[in-house]
Amino acid sequence: GSEMCIRDRFTFCFISAKDLKKTKGKDSQLFRLILKAFFPLEGFNFATTGVCVSSRAEPAVESFWFRACFGCLVADADAIAKVTKWRTASGSKCCARCQNVMGRCAPEDLQNESDLVHYTCGDYDKFIPFKPQELAELYRHLGEQQGMIPKREFDKLQQAAGYNYSEYGILSSDMGPIANLPDTVFYDWMHTVVSNGGVAQFEINALLLRMKGLSPHNPIIENLDKFSRTITFPHIEKQPAKLKFADRMNKNEGCHIRAFAAETLYLVVVLGLWCQWCLAPCGVLEEEVKCFLLLGRIVYLLRMRNNAVPKWRLLHQLIVQHHELFMKLYPEVAKPKLHYLMHIAKCIEQFGVNLSCFSMERKHKESKYIASCAFRTCLLYTSDAADE
C-alpha cells in the first residue's frame, strides 16, 4: 500500500554497444530483461528484516516480503524512443502520451479535423491521453499488419501510429503490462527545457537576437557580458563560468543558443535579471520580457526538486501562460519539446515526485570509472527470448 521512491541512482550494469547491437530488440529487449529481474510477474520481489520490540528479554527478529511496482521511465526523448520504439518527432503522432497530437504538418492542416491537434496547441484539455490498453491494441494491430501489407505501406502505417513495431520490443513482450506504457513515461525537464535544443535554449537565442535588433550599432550584447560578470551566487562554492553571449548566440533565428544544461540555467538567471533591471524599466520588448520572466519562474519551480510537487498546479498554469506567449512571439522556433513541457507538471502530480536526468548526468564520471576498470568482465544478461 505504501509508495516508495529510490532516490539514489546507482550503476546497474555495463553492456558494450557491439553486444547490444547483436541483441534482437536492442535497448527495448534490455529494458524488458531489467524489468523481469526486478519486477517478476508473480510472487514477491524484495525481502527485508525488521526488529520487533517486545516485552521479552531479547527482541524478536521478523523478516517479511513485499512487492515493488515499476514507477516510471525518466530519460530524454531519444532514450525513451529506443526503449519503447516510439518515433518521437519523426512520427506523425509525435507525443508518447497523447494519441491525437500531431507533428510533421502545419497547424492549419488540422483545422477540419475534429479531434487532432498540432503540437503547438496550448489547450491541455484538447489532448487525448493514450491509455495503456489502447497502446497495446495499437501495437498488436501493427504486429498483425507486418508482413501482410507491402513494406512501404507498413512504414507509412508506423509513421502514422507514431510507433515502430518490433516483436522483441517491450510492448510486445510479457513485461508489457509491468511497463504500463505510456502512463509511465516521465518527460525529463532537463532535456526538454535546458538541454539538447530545449525550449529555454531556443527562447534565449531568439530574445538575444531581438535585443540586438533594437539598435544594430549599440553594443547591447557586450554590455550584457559586462553585466553577467558582476553577478555572483553566494550559496554556490564554485561560481559558474562567465560566458560571452556573442560567442554562444546563433545568428539564425531558427536555431538555439550553444550551451550546456548548467550554462543554460545560468543564462536564464542572468537574462532574467537583465530583463527586470534594464529592459522592463525602458518599456522595450514588453511581451518578450514577460514571456522570459514566465520561463524564469518555471525553471525556478523545477529546480526546487520535490518542493515543487505541492506547487504543480501553479507550475502547470505558468507553463500554459508561457506556451501562449511563446507561440505568439516565436512560432518559427516551436518544436515538439514545447508540447512535452506541457506534460511535466502533470507528471509531477501523477507520480508525486519531481524527477530529471541531472542526477544521472552527474554520475556519468562514476559509471565510466567503474567501466574503465571492469569492462572486460562485463557480460550481457541474456535470456531465451533475447537469444532467439
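The structure we're discussing is the one just above.
Definitions and limits used
- Residues numbered from 1 in each chain as written.
- Predicted model: local features only at pLDDT ≥ 70, side-chain atom pairs only at ≥ 80, totals over all residues.
- Heavy atoms only, no water.
- Core = buried A, V, L, I, M, F, W, Y, C linked by side-chain atoms within 4.5 Å.
- Buried < 20%, exposed > 50% of the residue type's maximum accessible area, 1.4 Å probe, protein only.
- Helix = DSSP H or I, 4+ residues; strand = E, 2+ residues; numbered from the N terminus.
- Contact = heavy atoms within 4.5 Å.
- Arc of directions from axis to C-beta.
- Axes fitted to C-alpha atoms, helices over the stretch in contact; angles between N-to-C directions.
- Parallel < 35°, antiparallel > 145°, perpendicular 65-115°, else oblique.
- Left-handed = near helix turned anticlockwise from the far one by under 90°.
- Nonpolar A, V, L, I, M, F, W, Y, C, P; charged D, E, K, R; others polar.
- 1 Å grid on protein atoms, 1.4 Å probe; cavity = no way out; pocket = protein on both sides within 12 Å on 5 of 7 lines; lining within 4 Å.
- Points joined across faces, edges and corners; volume = space filled by probe spheres on them.
- Salt bridge = Lys/Arg side-chain N within 4 Å of Asp/Glu carboxyl O.

If you look at the biggest cluster of nonpolar residues, it comprises 105 residues, and the most contacted ones within it are Tyr163, Val193, Leu208, Met211, Leu224 and Leu271. Sort the elements by how many residues they give to this core and helix 11 (residues 261–282) lands first, with ten residues. The contact partners of Met211, leaving out residues within four places of it in the chain, are Ile220, Leu224, Leu271, Trp274, Leu279 and Leu285.

Taken residue by residue, helix 9 (residues 220–228) has Ile220, Ile221, Leu224, Asp225, Phe227 and Ser228 as its buried positions. Take helix 9 and look down its axis: the buried residues cluster within an arc of 160°, on one side only. Of the surrounding elements, those touching the buried residues of helix 9 are helix 8 (199–214), helix 10 (245–248) and helix 11.

Contact geometry for helix 8 and helix 13 (residues 312–329): axes closest at 12 Å, N-to-C directions at 45°. Here helix 13 runs oblique to helix 8, going by the angle between their axes. Considering the relative orientation of helix 8 and helix 13, their crossing is left-handed. The segment helix 8 lies against helix 13, with Val199, Glu203 and Arg210 engaging His322, Phe326 and Leu329. Counted by class, the contact of helix 8 with helix 13 contains three nonpolar, one polar and two charged residues.

The next point concerns the environment of Glu42. Secondary-structure assignment places Glu42 in the loop between helix 2 (26–38) and strand 1 (46–52). Glu42 sits 25 residues away from Arg67 along the chain, and the two C-alpha atoms are 9.5 Å apart.

In this section: unusual backbone geometry. Following Leu181, the chain continues to Pro182 via a peptide bond in cis, the omega torsion being 0°. Here Pro182 lies in the loop between helix 6 (176–179) and strand 6 (185–187). The backbone of Lys85 shows a phi angle near 70°, a positive value even though the residue is not glycine. Looking at the element boundaries, Lys85 is found in the loop between helix 3 (77–84) and strand 4 (101–102). Using a relative accessible area of 19% as the deciding quantity, one classes Lys85 as buried. Residue Asn180 is not a glycine yet carries a positive backbone phi of 55°. Relative to the helices and strands, Asn180 resides in the loop between helix 6 and strand 6. Residue Asn180 is classed as partly exposed on the basis of its relative accessible area of 31%.

Let us now look at empty space enclosed by the protein. This model, assessed by the stated rule, comprises two cavities of 30 Å³ or more. Volume-wise, the largest cavity comes out at about 50 Å³. If you go around the largest cavity, the residues you meet are Gly197, Gly198, Val199, Phe202, Phe326, Val333, Lys335, Lys337 and Leu338. Secondary structure elements with two or more residues in the lining of the largest cavity: helix 8 and helix 14 (336–351). A class-by-class count of the residues in the lining of the largest cavity yields five nonpolar, two polar and two charged.

Take the pattern of salt bridges next. Summed over the entire model, instances satisfying the criterion amount to six salt bridges. Glu137 is the salt-bridge partner of Arg140, the closest N and O atoms lying 2.6 Å from each other. Of this pair, Arg140 and Glu137 both sit in helix 4 (residues 132–145), three residues apart, which is roughly one turn of the helix. Judged by relative accessible area, Arg140 falls into the partly exposed class, the value being 47%. Ionic pairing is found between Lys151 and Asp155, a salt bridge with its closest N-O pair at 3.1 Å. Linking Lys151 with Asp155, this pair stays in helix 5 (residues 151–161), spanning four residues, or about one helical turn. Residue Lys151 is classed as exposed on the basis of its relative accessible area of 64%.

Take it as geometry only, folks, not as evidence of what the structure does.
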